[in-house]
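Results of the structural survey
The primary structure of each chain is shown beneath.
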Protein chains: 2
Amino acid sequence: MTSQPAATSETATDHDADAGAGTVRHRIAVVGGTGPQGKGLGYRFARGGHDVVLGSRAADKAEAVAAEVADRLVGVEGAGTVTGATNADACAGADLVLLAVPWDGHDELVATLPLAGTTVISCVNPLAFDKRGAHGLVIDGGEGSAAESAQRIVGDSATVVGAFHNVSAVSLWGDDDVLAHEDVLVVGDVKEAKETVMALCASVTGRPGIDAGKLRLARQVEPLTAVLISINRRYKIHSSIKVTGF
Amino acid sequence: MTSQPAATSETATDHDADAGAGTVRHRIAVVGGTGPQGKGLGYRFARGGHDVVLGSRAADKAEAVAAEVADRLVGVEGAGTVTGATNADACAGADLVLLAVPWDGHDELVATLPLAGTTVISCVNPLAFDKRGAHGLVIDGGEGSAAESAQRIVGDSATVVGAFHNVSAVSLWGDDDVLAHEDVLVVGDVKEAKETVMALCASVTGRPGIDAGKLRLARQVEPLTAVLISINRRYKIHSSIKVTGF
């Protein structure tokens, strides 16, 4: 892959409308924004001062969920806007696009989206479930991941970064500080795009994400969610991870 | 696989020689006990009151490292013994056998060991390194792991549990409390064997390991170490993970 920086803070974001001390205010499309992960991350992004467009197959469904999220943000100082649109329309004008869709049908959907010039954030977890629990699906014979699939589809027109795979949807929609002890692992091949997403993580956990390496490590970060689901079932909790040693 | 419990607290451990309040005192062979991970875990196990035999290809090398570990435990109340032997001799009389060997040559070595009747703990991480950093090796087309390979080799004669994959060797040989904020993910298909290993984790981190699901999830837990190595290089730390949500 020949990587190129896509959206950067200089080209596609709004410095004038500041989202907080030193924070860039993004316009973020959430593809699959009516699912629990997309809705929860959209809520956190808007709460952090970014303008969010929740996308769905049907605009009216997206608008209904957006209204619910916006309601929750009434009175929250500095919150961004939350609106709804079709997935494709949501991407128009966005500098960041979060893919929060099931793996099933992922490639076909991504191919239809107008992603050129954006930084694409993938939190997609290709998992399978059977009577023994959750486990990771094998992508491209073990040499691939959802994030790498998205990058392959968009080619040089956009940059894909992996993040937010291991955050619980329940926690995202929960109390303000429930994510304060969790870390977001961020993987990507383009430094500038990765740093943009690491900074965005602060709107979710209160501090930047962790640079966890190249995009191919999404092969490890995505199916780690199967382990967390297994822990959740065993202990009846909503687990995530924190990286120790800092 | 037809699983069967191998070593249990009733058959292969010594209740009389108690390693602490309610703790079972194990005899633990560390195959590959002169490498950093094996030596470090052997040290922690012995510090926790278990009797440890460090194994190596050459007995004299194992004895020298064992002497170094034993020296460090002089004056530590309740510490177990640490001796050295060949890998095969180390396994004789052990109820727990830790595999702390490189993936390269793993299967051939495991096939030579007298493991019948033991609980085998695998901390083996099949990783590859290139100019872009560490990444997980694809085992059995993505449908396997080192732990599952070991189980396949020992068949029904022993039970394999995966644990201690993500603990830093530097931390293991470091200060007493450096691991106090880390969690050990434990995977396995036999409840009793898994619980034995979860309890053993307390000698390393100060509290039991976390039941992270079935043995096949070793496919996710083993290569997670590649992500931690990537983080270590980026931030110059010795990272591990903590599970949040408890």
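Residues numbered from 1 in each chain as written. Chains lettered and ligands numbered in written order. Predicted model: local features only at pLDDT ≥ 70, side-chain atom pairs only at ≥ 80, totals over all residues. Heavy atoms only, no water.

Structural notes on the side chain of His50 of chain B
Residue and element names in this part refer to chain B. By the secondary structure assignment, His50 is in the loop between helix H1 (36–47) and strand E2 (51–56). Only 3.4 Å separates the side chain of His50 from the backbone oxygen of Val24, close enough to count as a polar contact. Excluding anything up to four places from it in sequence, His50 contacts Thr23, Val24, Arg25, His26, Ile28, Phe45, Gly80, Thr81, Leu200 and Ser203. (Helix = DSSP H or I, 4+ residues; strand = E, 2+ residues; numbered from the N terminus. Polar contact = N/O pair within 3.5 Å; in protein donor to acceptor, adjacent residues only side chain to side chain. Contact = heavy atoms within 4.5 Å.)

Here we look at the environment of Leu99 of chain B
Residue and element names in this part refer to chain B. Note that Leu99 resides in strand E4 (residues 96–99). A residue is classified by how much of its surface remains accessible, and Leu99, at 0% relative accessible area, is buried. Remark: the alpha-carbon pair of Leu99 and Asn87, spanning 12 residues in sequence, is separated by 9.9 Å. Those residues in contact with Leu99 that lie beyond four places of it in its chain are Val31, His106, Val110, Leu113, Val120, Ile121, Ser122, Cys123, Val124 and Ala150. (Buried < 20%, exposed > 50% of the residue type's maximum accessible area, 1.4 Å probe, protein only.)

Focus: the sheet that holds strand E9 (residues 185–188) of chain B
All names here are of chain B. Spatial ordering of the open sheet is given by E3-E2-E1-E4-E5-E8-E9-E10, a layout of eight strands whose pairing is mixed. Single-partner strands in this sheet number two, and they are strand E3 (82–86) and strand E10 (210–211). Across four bridges, the pairing between E4 and strand E5 (residues 119–122) is parallel. From the neighbouring strand, Val97 faces E5, where its bridge partner is Val120. Of the strands in this sheet, E4, E5 and strand E8 (159–162) are in contact with helix H5 (residues 146–154), which crosses E8 at around 175°. (Pairing = 2+ DSSP bridges. Axes fitted to C-alpha atoms, helices over the stretch in contact; angles between N-to-C directions.)

Overview of the sheet that holds strand E9 (residues 185–188) of chain A
Backbone hydrogen bonds hold the strands of a sheet together, and the pairing may be parallel or antiparallel. All names here are of chain A. Strand order across the open sheet formed by eight strands is E3-E2-E1-E4-E5-E8-E9-E10, with mixed pairing between neighbours. Of all the strands in the sheet, just strand E3 (82–86) and strand E10 (210–211) have a single pairing partner and so form its edges. Judged from the four bridges that link them, strand E1 (residues 27–31) and strand E2 (residues 51–56) form a sheet pairing that is parallel. Each bridged residue has a counterpart across the sheet, and for Arg27 the counterpart in E2 is Asp51. With respect to the sheet, helix H2 (residues 59–72) is in contact with E2 and E3, its orientation differing from that of E3 by roughly 170°.

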